[in-house]
Structure formats: C-alpha cells, structure tokens
Amino acid sequence: VQLVEPGGGLVQAGDSLRLSCAASGFAGSLMAWFRQAPGKEREFVASITWNGPYYGESVKGRFTISRHNAKNTVYLQMNSLKPEYTDVYYCAARQRAIFSSNLRDYDYWGQGTQVTVSS
C-alpha cells in the first residue's frame, strides 16, 4: 500500500488550499487526514468512509474531506486558513471500515506534506 500526497505549500491567512492523497494497493474504505506540529502527537483532522465524513473539532466548518472512489483518492479542502493550521499533514488509511480518530488504529501512512499559513 502506498499513499502519495502531493500538494501542500505556503499560503496566506484567509486563503484556501486543497490537499490530495492517492492510494495504491489499498482496498479499504476508511481514509483520513491528521496533522502534526513539531514535538506534538498527530492530531485527527478528518476521515471519510461509507457512512460519511467525520471532523475534528478544530476544523469543523472550515475543512471538507471528500473522496473520488474511481481514482482511490481522498481530498482535504481547507478554507479560510489561519496561521495555527500550519503543520505537516498526513494521509492515513485503515483496513477496518469503522471510524476512529486514534492514529494508532490506522494501518498505512503517507509521507506527509507541509502546509504553512503566513499571517
């Protein structure tokens, strides 16, 4: 299984950015995004599976997760970005199609992509 995350980059506060994660060799239905600041544990951002999306409290109403099943790709649309969203964002996948916000429940991880929001 390979999760590839192009995208990320430097944007200004208030801008929007879309991350993508292409999965190869993965047949499960649960995919998610986490983010991590230096010295901190990875924090759940959003996940999507057969029964819909779930969001972390810090991004509700601001981020949207979606999935293109034919491409086996998951997206994270981030709007009205603020400097506090500066982090490394990781794509994750779980074989069990049951929602979890616990990073230890995920089986596969992408390499991470840096998102920097300047003020």
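Predicted model only: the values in this text are computed from it and were never measured.

## Points about unusual backbone geometry
Unlike most non-glycine residues, Asn 72 shows phi in positive territory, near 50°. For Asn 72, the location among the structural elements is in the loop between β7 (63-68) and β8 (73-78). Look at Ser 80: it is not a glycine, yet its phi comes out positive at around 50°. Along the chain, Ser 80 falls in the loop between β8 and β9 (87-94).

## Digging into the pattern of salt bridges
A complete count under the given rule lists 5 salt bridges for this structure. One salt bridge connects Arg 35 with Asp 87, and the closest N-O pair in it is separated by 3.4 Å. Linking Arg 35 in strand β4 (residues 30-36) with Asp 87 in strand β9, this pair joins segments that are 52 residues apart in sequence. Of the charged contacts in the structure, one is a salt bridge between Glu 57 and Lys 60, with a shortest N-O distance of 2.8 Å. The class of Lys 60 is partly exposed, set by a relative accessible area of 48%. Overlapping salt bridges bring together Arg 35, Glu 43 and Asp 87 as one network.

## Here we look at the packing of aromatic side chains
By the definition in use, this model includes 9 aromatic pairs. Taken together, a centroid distance of 5.7 Å and an interplanar angle of 75° make the contact between Phe 34 and Phe 44 edge-to-face. Placement of the pair is Phe 34 in strand β4 and Phe 44 in strand β5 (residues 43-49), with a sequence separation of 10 residues. With respect to burial, Phe 34 and Phe 44 carry one shared label: buried. Centre to centre, the rings of Phe 44 and Phe 99 are 5.6 Å apart; their planes meet at 75°, and the pair counts as edge-to-face. Taken together, the positions of Phe 44 in strand β5 and Phe 99 in the loop between β9 and β10 (108-109) put the pair 55 residues apart, joining distant regions of the chain. For Phe 44, a relative accessible area of 11% corresponds to the buried category. A connected cluster of aromatic rings, assembled from ring pairs, spans Phe 34, Phe 44, Tyr 54, Tyr 90, Phe 99, Tyr 106 and Trp 109.

Rules behind the numbers
- Residues numbered from 1 in each chain as written.
- Predicted model: local features only at pLDDT ≥ 70, side-chain atom pairs only at ≥ 80, totals over all residues.
- Heavy atoms only, no water.
- Helix = DSSP H or I, 4+ residues; strand = E, 2+ residues; numbered from the N terminus.
- Salt bridge = Lys/Arg side-chain N within 4 Å of Asp/Glu carboxyl O.
- Buried < 20%, exposed > 50% of the residue type's maximum accessible area, 1.4 Å probe, protein only.
- Phe/Tyr/Trp six-rings, centres within 6.5 Å; stacked < 30°, edge-to-face > 60°.

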